[in-house]
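Here is how the chains run, residue by residue.
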Amino acid sequence: MRILGIQPGTVTGDMTNEEYFNKQLEFAKEKYDGQELIMFPELMTGKYFGFVREDRWFACAEDFLTGPTTKAMLALSKELNTQICYSLFEKEVNALGEVNYYNTMGLVSPVRGVFGKYRKIHIPGGDLRYNECYEKYYFKSGNTIPVYTLDNGVKAAMMLCYDRSFPELWRSYFLKGAEVILVATCTMGLRADMFITELQTRALESHSYVMALNRAGEEKTENEAKPRIHFGKSLVADPLGNIVAQLGDEPWASIEAEVDPEKIKYARARLNWERDRHPELYGMVSDPHYGMDGMIYERGF
């Protein structure tokens, strides 16, 4: 399976969110060359707003199935005859009439339509002395870790940005048989140095191909204290942790790689994590009563 990833630039100058989104779609069309899957990065529908706390951004949220982003992705999927992994700011109204907001990814197929959905589980922010990030203000945590079968039989999983730093999630996907893990990010700052090494390690530990995408360039949201520099570094790592494709900090670039099922089988036979683990010893990892300081943290502010 050939996969194509898009590393866009940022929302600059007088560009609207709609113009930014449409530019990514046109860029994907330009770079498409028969790949079986196209992937876009986190919150691809506009500016990143996580460093400001303003209610006006909730107006950007949309219904997952009926909103403009999924409609556009379904149309693009049919036009190019390929599957697409994309992202959006989701607004859900549940059966009780309660409104919840999520940072969400989706999967669409030209044959099956919408067939996959993932909501970001690990939401950054909290102690503003060290990390002035307000994602917890905007997003509720997801509570499922689904693995989906693509049209050609490959098993794919998704995660979003901060999720990548929780090995428990990677191990869960490994145990569920994921062969490709799609990591959509919108990241910047101090984590630039560890970005590549962290993803290489997770690819090896999960014996899966990993495609991780980021945006690249400088961006500043209204009322944000200073511009952000998104460092790019989008990559694909193979099941042994080797980098097979990589970008630098160039905006509006693409990345491509081939998923080889035989390499996945070889990695899992050579280093059999499933056989040699001892789950009976790891209970504290999923026990909320364990913590370095003995505290149980709330999910919100």
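What you are looking at is a predicted structure, and each value in this text was computed from that prediction instead of being measured.

Undergrad: Which residues make up a nonpolar patch on the surface, and what are the values?
TA: Judged by side-chain polarity, Leu281, Tyr282, Met284, Val285 and Tyr290 come together as a nonpolar surface patch covering roughly 550 Å² of accessible area. Here Val285 shows up in the segment after α7 (273–276).

Undergrad: I'd like a description of the side chain of Ser87, backed by residues and values.
TA: Secondary-structure assignment places Ser87 in strand β3 (residues 83–93). According to the relative accessible area criterion, Ser87 is buried, its value standing at 0%. From its side chain, Ser87 meets the backbone nitrogen of Met44 in a polar contact 3.1 Å long. Aside from chain neighbours lying at most four places away, what touches Ser87 is Pro41, Glu42, Leu43, Met44, Thr45, Thr69, Thr104 and Met105.

Undergrad: Describe the layout of surface pockets, listing the residues and the values that go with them.
TA: By volume, the second largest pocket is sized at about 440 Å³. Around the second largest pocket, the lining comprises 16 residues; the ones closest to its centre are Pro167, Glu168, Arg171, Arg277 and Tyr282. Looking at the lining of the second largest pocket, the elements with two or more residues in it are α4 (167–175), α5 (192–206) and α7. Among the elements that make up the lining of the second largest pocket, the one with the highest residue count is α4 (six residues).

Undergrad: Outline the pairing of strand β8 (residues 180–184), listing residues and values.
TA: In terms of burial, β8 is largely enclosed, as five of its five residues are buried. On the question of chirality, the crossover connecting strand β7 (residues 155–160) to the parallel β8 by way of α4 is right-handed. When β8 meets strand β9 (residues 209–213), the two strands line up parallel, connected through five bridges. The partner of Ala184 across the bridge, within β9, is Leu213.

Undergrad: Which residues make up the pattern of salt bridges, and what values do they have?
TA: One pass over the structure, following the stated rule, counts 22 salt bridges. Between Glu26 and Lys29 there is a salt bridge; the shortest N-O distance is 3.3 Å. Of this pair, Glu26 and Lys29 both sit in helix α1 (residues 17–31), three residues apart, roughly one helical turn. Classification of Glu26 by relative accessible area gives partly exposed; the value is 47%. Judged by its relative accessible area of 28%, Lys29 falls in the partly exposed class. Arg119 is the salt-bridge partner of Glu92, the closest N and O atoms lying 3.4 Å from each other. In this pair, Glu92 is assigned in strand β3 and Arg119 in strand β5 (residues 113–119), connecting sequence segments 27 residues apart. The class for Arg119 is buried, based on a relative accessible area of 18%. Several salt bridges converge on common partners, so that one network encompasses Lys47, Glu54, Arg56 and Glu222.

Undergrad: Tell me about the sheet that holds β8, and please be specific about residues and values.
TA: The six strands lie next to each other as β6-β7-β8-β9-β12-β13, forming an open sheet whose pairing is mixed. Of all strands in the sheet, those bounded by a partner on one side alone are β6 (147–149) and β13 (243–246). Each strand of the sheet is rotated relative to its neighbour by a mean of 20°, with strand direction disregarded. Where β7 and β8 come together, five bridges link them in parallel fashion. Residue pairing for β8: Met159 is matched across the bridge by Val183.

Undergrad: Describe the pairing of strand β1 (residues 2–7), listing the residues and the values that go with them.
TA: Counting buried positions along β1 yields five of six residues, so the element is predominantly enclosed. In the sheet, β1 pairs with strand β2 (residues 37–39) via three bridges, with the strands oriented parallel. Bridge assignment links Gly5 to a residue of β2, and that residue is Met39. Tracing the backbone out of β1, into α1 and back to the parallel element β2 gives a crossover that is right-handed.

Undergrad: I'd like a rundown of α1, residues and numbers included.
TA: Between its first and last C-alpha atoms α1 spans 21 Å; for 15 residues at 1.5 Å apiece the expected length is 21 Å, and the two agree. Of the positions making up α1, those classed as buried are Tyr20, Phe21, Gln24, Leu25, Phe27 and Ala28. Down the axis of α1, the smallest arc covering the buried residues is 160°, so these residues share one side. Exposed and facing more than 90 degrees away from the buried side of α1 are Glu18 and Glu30. Those residues of α1 that are buried lie in contact with β1, β2, α2 (68–80) and β14 (253–258).

Undergrad: Give me the lowdown on the sheet that holds β14, citing residues and values where you can.
TA: In spatial order, the strands read β5-β4-β3-β2-β1-β14; together these six strands make up an open sheet with mixed pairing. At either margin of the open sheet sits one strand with a lone partner, and together these are β5 and β14. For this sheet the average axis-to-axis angle between neighbouring strands, irrespective of direction, equals 30°. Here β1 pairs with β14 via six bridges, running antiparallel. Looking across to β14, one finds that Gly5 is bridged to Ile255. The strands that α1 touches are β1, β2 and β14; relative to β1, the one it contacts most, it runs at about 140°. In this fold α2 packs onto β2, β3, β4 (99–109) and β5, with an angle of close to 165° to the strand it touches most, β3.

Definitions and limits used
Residues numbered from 1 in each chain as written. Predicted model: local features only at pLDDT ≥ 70, side-chain atom pairs only at ≥ 80, totals over all residues. Heavy atoms only, no water. Patch = residues over 30% accessible without salt bridge, like charges linked within 9 Å, V, L, I, M, F, W, Y side chains within 5 Å. Areas by Shrake-Rupley, 256 points an atom, 1.4 Å probe, with all protein chains shown as cover. Salt bridge = Lys/Arg side-chain N within 4 Å of Asp/Glu carboxyl O. Helix = DSSP H or I, 4+ residues; strand = E, 2+ residues; numbered from the N terminus. Buried < 20%, exposed > 50% of the residue type's maximum accessible area, 1.4 Å probe, protein only. Polar contact = N/O pair within 3.5 Å; in protein donor to acceptor, adjacent residues only side chain to side chain. Contact = heavy atoms within 4.5 Å. 1 Å grid on protein atoms, 1.4 Å probe; cavity = no way out; pocket = protein on both sides within 12 Å on 5 of 7 lines; lining within 4 Å. Points joined across faces, edges and corners; volume = space filled by probe spheres on them. Right-handed = clockwise from strand over helix to strand, strands pointing away. Pairing = 2+ DSSP bridges. Axes fitted to C-alpha atoms, helices over the stretch in contact; angles between N-to-C directions. Expected span 1.5 Å × (residues − 1). Arc of directions from axis to C-beta.

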